[in-house]
Amino acid sequence: MAPEPGERGMSILYIHFHDLSDERIHCRLLALLAEYTPLVQALPPDAALADVSGSLRYFGTDATALAERIRARTGGLYGLRSTVGVAANPLLARMVAADGPPSAVRTLPDDIDTVTAFLAKKPAAALQGVGPATARTLSSYGLDSVGRIAAAPLGTLQRILGATAGRRLHDAARGLDPTPVIPSAASRSMSVEHRFAQDELDRERQRAALLSLTDRLGLQLRAESQAARTLTLSVRYADRSTTTRTRKLSEPTAHTRSLTALAYELHDRLALQRARVRTLSLRAEDLIAAELTSHQLAFDPIDEKARRIEAAADRARNRFGPGTVHPAGAVTPHVA
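Residues numbered from 1 in each chain as written. Predicted model: local features only at pLDDT ≥ 70, side-chain atom pairs only at ≥ 80, totals over all residues. Heavy atoms only, no water.

Trainee: Break down helix H1 (residues 23-33) for me, with residues and values.
Mentor: When we look at burial in H1, the residues that qualify are Ile25, His26, Leu29, Leu30, Leu32 and Leu33. Across the axial projection of H1, the buried residues extend over an arc of 155°, all falling on one side. For H1, the secondary structure elements touched by its buried residues are strand E1 (12-17), strand E2 (40-43), strand E3 (47-51) and helix H3 (63-78). (Buried < 20%, exposed > 50% of the residue type's maximum accessible area, 1.4 Å probe, protein only. Helix = DSSP H or I, 4+ residues; strand = E, 2+ residues; numbered from the N terminus. Arc of directions from axis to C-beta. Contact = heavy atoms within 4.5 Å.)

This is the structure:
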């Protein structure tokens, strides 16, 4: 059973590093965090969780002061801005970190009344795992805020969302999260991002941005002779909440056409009809060397033609620059 707020104290840090695009720097930042606690969990591409409950006595300070120290060191060593949320569990640490402008340390006291007041007026989508489709379903039952969800009977939420998802949401709306911080290093991955000039509601423009991202991601993979086994789509909204979906590819690939098909599928599953999207990012994960992959022969002339065109485009880019060739319908990235 998840502990009530107030039972374990503020000991979880959620650290979001802004404008971080270099995976090697992310690894160095994780190593820096490990100087303060062995319980550091990588959250690629630009965040981490840290459980400092066993470190506070050693450093002779509290979690908020330790967060300030970490933020000052990462800024001084790498010139990066960061936002740190300090709370009793990962859910609350993430939420308090997002509760305001970037570049700060924000603390949520481990007190039931304070946690309840903090959560009460938050939209349902502010809870991790509640995407636009689930938020719309909840809203149709009048459950459009975390406070209203917390007040709803468990049975009601389970009838709407199913037994497991309903219980998980019931706990989250009350600020409960039993998830431990599991030490992990940043796995080998590559990521690309498109930030819209203004919040984007149009589905076709979002898909055009995805096409641009898969083109860039495929080019990077092929340039480094790598293939991805997993693809992750992250969508950041106007309210700074984020939805992430991950799925394994049918076979390891660096082929843009395969990456695009899966990216479109992940995007469609989110059902973003009226969502104001600020940023789309794709991350290729579980990378392996290209020579270790085996392409399944599908006897698809369209796929084989696409691969030949892709190879010709790669040669042109290598000779004349990456901006030489773009897929039809793609958009020029606003932010690389």
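Trainee: Go over the packing of aromatic side chains with me, naming the residues and quoting the values.
Mentor: The tally for this structure, following the rule as stated, stands at two aromatic pairs. Considering the side-chain rings of Tyr36 and Phe59, the 5.3 Å spacing of their centres and the 35° angle between planes classify their relative orientation as tilted. A residue pair is termed long-range when its members are at least 10 positions apart, and Tyr36 in the loop between H1 and E2 and Phe59 in helix H2 (residues 56-59) qualify at 23 residues. Residue Phe59 is classed as partly exposed on the basis of its relative accessible area of 21%. (Phe/Tyr/Trp six-rings, centres within 6.5 Å; stacked < 30°, edge-to-face > 60°.)

Trainee: Residues and numbers for the packing of helix H10 (residues 203-223) against helix H11 (residues 256-270), please.
Mentor: Axis separation between H10 and H11 bottoms out at 9 Å; the angle between their running directions is 145°. Where H10 crosses over H11, the handedness of that crossing is right-handed. Between H10 and H11, the residues in contact are Arg203, Gln206, Arg207, Leu210, Leu211, Thr214, Asp215, Gly218, Leu221 and Arg222 and Thr256, Leu259, Thr260, Ala263, Tyr264, His267 and Asp268, respectively. Partitioning the contact of H10 with H11 into residue classes produces six nonpolar, six polar and five charged. (Axes fitted to C-alpha atoms, helices over the stretch in contact; angles between N-to-C directions. Left-handed = near helix turned anticlockwise from the far one by under 90°. Nonpolar A, V, L, I, M, F, W, Y, C, P; charged D, E, K, R; others polar.)

Trainee: Break down the packing of H1 against H3 for me, with residues and values.
Mentor: To characterise two packed helices, one gives the angle between the axes of the helices and the distance between these axes. In the contact formed by H1 and H3, the axes pass within 11 Å of each other and the chain directions differ by 140°. When you trace H1 past H3, the crossing you get is right-handed. Residues Ile25, Arg28, Leu29, Leu32 and Leu33 of H1 pack against Ile70, Arg73, Thr74, Leu77 and Tyr78 of H3. Split into classes, the residues belonging to the contact of H1 with H3 amount to seven nonpolar, one polar and two charged.

Trainee: Outline the pairing of E2, listing residues and values.
Mentor: Of the two faces of E2, both are covered, the one formed by Val40 and Ala42 as well as the one formed by Gln41 and Leu43. What sits between E2 and E3 in their antiparallel hairpin is a turn of three residues. (Pairing = 2+ DSSP bridges.)

Trainee: Tell me about unusual backbone geometry, and please be specific about residues and values.
Mentor: Of note in this structure, Ser103 is not a glycine but carries a positive phi near 75°. Note on placement: Ser103 falls in the loop between helix H4 (90-97) and strand E5 (105-107). At Ala271, a position not held by glycine, the phi torsion is positive, near 50°. Locating Ala271 in the fold gives a position in the loop between H11 and strand E9 (277-285).

Trainee: An account of the pairing of strand E8 (residues 242-253) is requested, with residue identities and associated values reported.
Mentor: It is a general feature of regular strands that their side chains alternate between the two faces of the sheet. As judged from the eight bridges shared by strand E7 (residues 226-237) and E8, these two strands associate in the antiparallel manner. Across the sheet, Thr232 pairs through a bridge with Thr246, a residue of E8. Following E7, the chain reverses through four residues before pairing antiparallel with E8; Arg240 in that reversal takes a positive phi of roughly 75°.

Trainee: Which residues make up the side chain of Thr243, and what values go with them?
Mentor: With respect to the secondary-structure elements, Thr243 resides in strand E8. On the basis of relative accessible area, Thr243 is assigned to the buried category, the value being 6%. At a separation of 2.9 Å, a polar atom in the side chain of Thr243 contacts the side chain of Tyr237. Other than its neighbours up to four places away in sequence, Thr243 contacts Gly131, Pro132, Leu233, Ser234, Val235, Tyr237 and Leu270. (Polar contact = N/O pair within 3.5 Å; in protein donor to acceptor, adjacent residues only side chain to side chain.)

Trainee: Requested: an account of the sheet that holds E1, with residues and values cited.
Mentor: In spatial order, the strands read E2-E3-E1-E4-E5; together these five strands make up an open sheet with mixed pairing. Two strands bound the open sheet, and with one partner strand each, they are E2 and E5. The mean inter-strand angle of the sheet, taken between neighbouring strand axes irrespective of direction, is 15°. Bridging between E1 and strand E4 (residues 82-87) involves six bridges; their strand directions are antiparallel. Across the sheet, residue Phe17 finds its bridge partner in E4, namely Ser82. The sheet strands contacting H3 are E1, E4 and E5, and the helix crosses E4 at an angle near 165°.

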